[in-house]
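Understanding the architecture of this molecule
Read off the chains here:
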Amino acid sequence: MRNSIFRHIIRMASSLIAAVSTMVGIVSCIEPPLNLAAEEVLVDMPMVMVNMNLVWNLDIDWDVQWHYGWDSDDVDTWGEIDYPEPTSYEIRRYFVGDTPHQSHTNVDPFTIYGKSFRRTYEFGYYDMLIWSNIDADAQVLVIDESDLDEAHASTSISRGLTRVATRSESNNFNIVTGTSTDNSQVTGLFNQPEIFYATYPQDVHISRSKEDYDYFDEVELCWVKRLNCRLVPRVYIYLLQVIIKNNQSGRIKDVSGNNAISNMAAGTSVNYGRTWNMPAAVYFTSRMKRNINYEGQPVDIIGGKFTTFGLCDMPSYENGNNPEYAGSRTDLSNDLFLDLVFNNGAKQTLQIDITDQLRKQSHGGIITVVLDANDIPDPSSPDTGTGSLFVPTVEDYDEIIYDIIM
């Protein structure tokens, strides 16, 4: 009888210990039930720690390639010369269920500050879209999220150009061919997009096996999976320098500051970084510096900075910065329209083909144009006419509908 009671107490104690052990296992998620192999552990409350790193390694030899410089006036005009550091990010989390590669039917949006964040997840597969916010009171960059499967970035049309940009007095001089042309319209003149970065991790698997996690958080009592994201620019910086030789007489006095680059991409995919097939001209400004040393000779240099989504139908930087990239739109050429002011008060727009330089530096870089002032005819002569790149305001033109075909 005594032995029977003792055995009963032992069985009760064993049951109690087993129950307590099971409860601890459920709460802490550390130990598996004794009848399951380690690889079959059922993880509870999974959490993902996302760390974001900006990746940009554009290789530029500033001492050899860049002659314009970057003084305090340049900083006041265009900001710092390099890529900015974001302070906040937009996160879009898409749960696609137990099977990857599914369309997005709902989204969990939130904003974070800093370069890392933690969130709990359901078991299954996730896609995540992350992009940096613009640190400015007003921005021209527009993010369209109407399609949950692919967001797109574009910009507004330059101020006052809600339909079309026209050039006054039509004529401009093509410095390459040495002839006057009558390209009287620069259509689709868009504002420059602000720099932003993005990444799109897909098929992030949240499983029930502890083998898929990096560590167990003893404080929050949950398994943590690390996800390292590489954010790359979706907008690229170009630095332009136009070196003018033999201008000691000052015949070319200055620049109007109005410039444009033709046939750049009008937008890009935020998810994949591939640019739109639709071309647009990008408006930007420039400044002129006198008596700058270039290869041991005094020259005048026109300089400026512009940002762009890139060439039309161009893959993202993640796919490699191929120096020979030409894009699928090989039918498009990229012309620089540059306004010069002469000492007689006349203005003239130079049209300069920079297609090859842009294609060889498809994700940003330095564009250098070397001109001889003696090769640029007097804009007051009958052969060249006069004219300049005209950037109108709303009251300067009648409304014209211009449809851009994708």
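First, a word on scope: everything that follows refers to the structure included in this document.

So, on to the nonpolar core. By size, the foremost hydrophobic cluster in this structure holds 83 residues, and its most contacted members are Val50, Phe196, Val242, Leu336 and Leu340. No other element matches strand S17 (residues 236–245), which puts 8 residues into this core. With near-sequence residues (within four places) excluded, Phe196 lies in contact with Trp131, Ser132, Ile134, Leu141, Ile143, Ala153, Val232, Pro233, Arg234, Val235, Val270 and Phe309. Core analysis: the next-biggest nonpolar cluster, separate from the first, contains 5 residues, Leu189, Ala260, Tyr283 and Phe337 among them.

What follows covers unusual backbone geometry. One non-glycine residue, His101, adopts positive backbone phi at about 65°. The residue His101 is located in the loop between strand S2 (88–97) and strand S3 (108–113) in this model. Here Asn246, not a glycine, exhibits a phi torsion of approximately 55°, which is positive. When you line up the elements, Asn246 lands in the loop between S17 and strand S18 (252–265).

The sheet built from 4 strands is open, its strands ordered S21-S22-S17-S25 with mixed pairing. Edge positions in the sheet fall to strand S21 (287–294) and strand S25 (365–372), since each of these pairs with one other strand and no more. Taking the axes of each pair of neighbouring strands and ignoring which way they run, one obtains an average angle of 30° across the sheet. Bridging between S21 and strand S22 (residues 297–308) involves 6 bridges; their strand directions are antiparallel. Note on S22: the bridge partner recorded for Arg287 is Gly303.

For the rest of this paragraph, the subject is the environment of Arg93. In this fold, Arg93 is placed in strand S2. The buried category is assigned to Arg93, whose relative accessible area is 11%. Taking C-alpha positions, Arg93 is 6.5 Å from Leu129, a pair spaced 36 residues apart along the chain. If we skip the residues at most four places from it in the chain, Arg93 touches Asn106, Val107, Asp108, Arg119, Thr120, Tyr121, Tyr126, Asp127 and Met128.

Once that is clear, we can look at the sheet that holds strand S6 (residues 141–144). In spatial order, the strands read S6-S7-S19; together these 3 strands make up an open sheet with antiparallel pairing. Two strands bound the open sheet, and with one partner strand each, they are S6 and strand S19 (267–269). Pairs of neighbouring strands in the sheet enclose a mean axial angle of 20°, with direction left out of account. Relative to strand S7 (residues 152–155), S6 is paired through 4 bridges, and the arrangement is antiparallel. The residue of S7 that forms the bridge with Ile143 is Ala153.

This next bit is on the pattern of salt bridges. Applying the stated rule across the entire model yields 13 salt bridges. The shortest N-O distance in the salt bridge between Asp71 and Arg287 comes to 3.6 Å. Taken as a pair, Asp71 in the loop between helix H2 (62–65) and helix H3 (72–78) and Arg287 in strand S21 lie far apart in primary sequence, 216 residues in all. Given the relative accessible area of 22%, Arg287 is considered partly exposed. Measuring nitrogen to oxygen at the nearest pair gives 2.8 Å for the salt bridge that ties Arg274 to Asp313. Of this pair, Arg274 sits in the loop between S19 and strand S20 (279–284) while Asp313 is found in the loop between S22 and strand S23 (335–342), placing the two residues 39 residues apart along the sequence. For Asp313, a relative accessible area of 17% gives the class buried. One network of salt bridges, in which partners are shared, links Asp71, Asp73, Asp74, Arg287 and Lys289.

The next subject is the packing of aromatic side chains. Enumeration over the complete set of coordinates arrives at 11 aromatic pairs. Geometrically, the ring pair formed by Tyr238 and Phe306 is stacked, given 5.4 Å between the ring centres and 15° between the ring planes. Linking Tyr238 in strand S17 with Phe306 in strand S22, this pair joins segments that are 68 residues apart in sequence. What makes Tyr238 buried here is its relative accessible area of 0%. Ring pairs connect the aromatic residues Trp66, Tyr68, Trp70 and Trp78, which therefore count as one cluster. Of note, Lys289 hangs over the ring of Tyr68, and the distance from its end group to the ring centre comes to 3.9 Å.

Another aspect to go through is the environment of Tyr317. Here Tyr317 lies in the loop between S22 and S23. Considering only alpha carbons, one finds Tyr317 and Val55, 262 residues apart in sequence, at a separation of 9.9 Å.

Turning our attention to the environment of Val235. Note that Val235 resides in the loop between strand S16 (222–233) and S17. The class for Val235 is buried, based on a relative accessible area of 0%. The spacing of Val235 and Thr307 is 72 residues in sequence and 6.5 Å in space, taken between C-alpha atoms. Not counting the four nearest positions on each side in its chain, Val235 is found in contact with Tyr83, Pro193, Glu194, Ile195, Phe196, Thr307, Thr308 and Phe309.

Secondary-structure assignment places Arg92 in strand S2. What makes Arg92 buried here is its relative accessible area of 8%. Polar contacts involving the side chain of Arg92 include one to the side chain of Glu145, which spans 2.7 Å. Sequence-distant contacts of Arg92, defined by excluding residues within four places in its chain, comprise Val107, Asp108, Pro109, Phe110, Asp127, Met128, Leu129, Trp131 and Glu145.

Thresholds applied
- Residues numbered from 1 in each chain as written.
- Predicted model: local features only at pLDDT ≥ 70, side-chain atom pairs only at ≥ 80, totals over all residues.
- Heavy atoms only, no water.
- Core = buried A, V, L, I, M, F, W, Y, C linked by side-chain atoms within 4.5 Å.
- Buried < 20%, exposed > 50% of the residue type's maximum accessible area, 1.4 Å probe, protein only.
- Helix = DSSP H or I, 4+ residues; strand = E, 2+ residues; numbered from the N terminus.
- Contact = heavy atoms within 4.5 Å.
- Pairing = 2+ DSSP bridges.
- Axes fitted to C-alpha atoms, helices over the stretch in contact; angles between N-to-C directions.
- Salt bridge = Lys/Arg side-chain N within 4 Å of Asp/Glu carboxyl O.
- Phe/Tyr/Trp six-rings, centres within 6.5 Å; stacked < 30°, edge-to-face > 60°.
- Lys NZ or Arg CZ within 6 Å of the ring centre and 35° of its normal.
- Polar contact = N/O pair within 3.5 Å; in protein donor to acceptor, adjacent residues only side chain to side chain.

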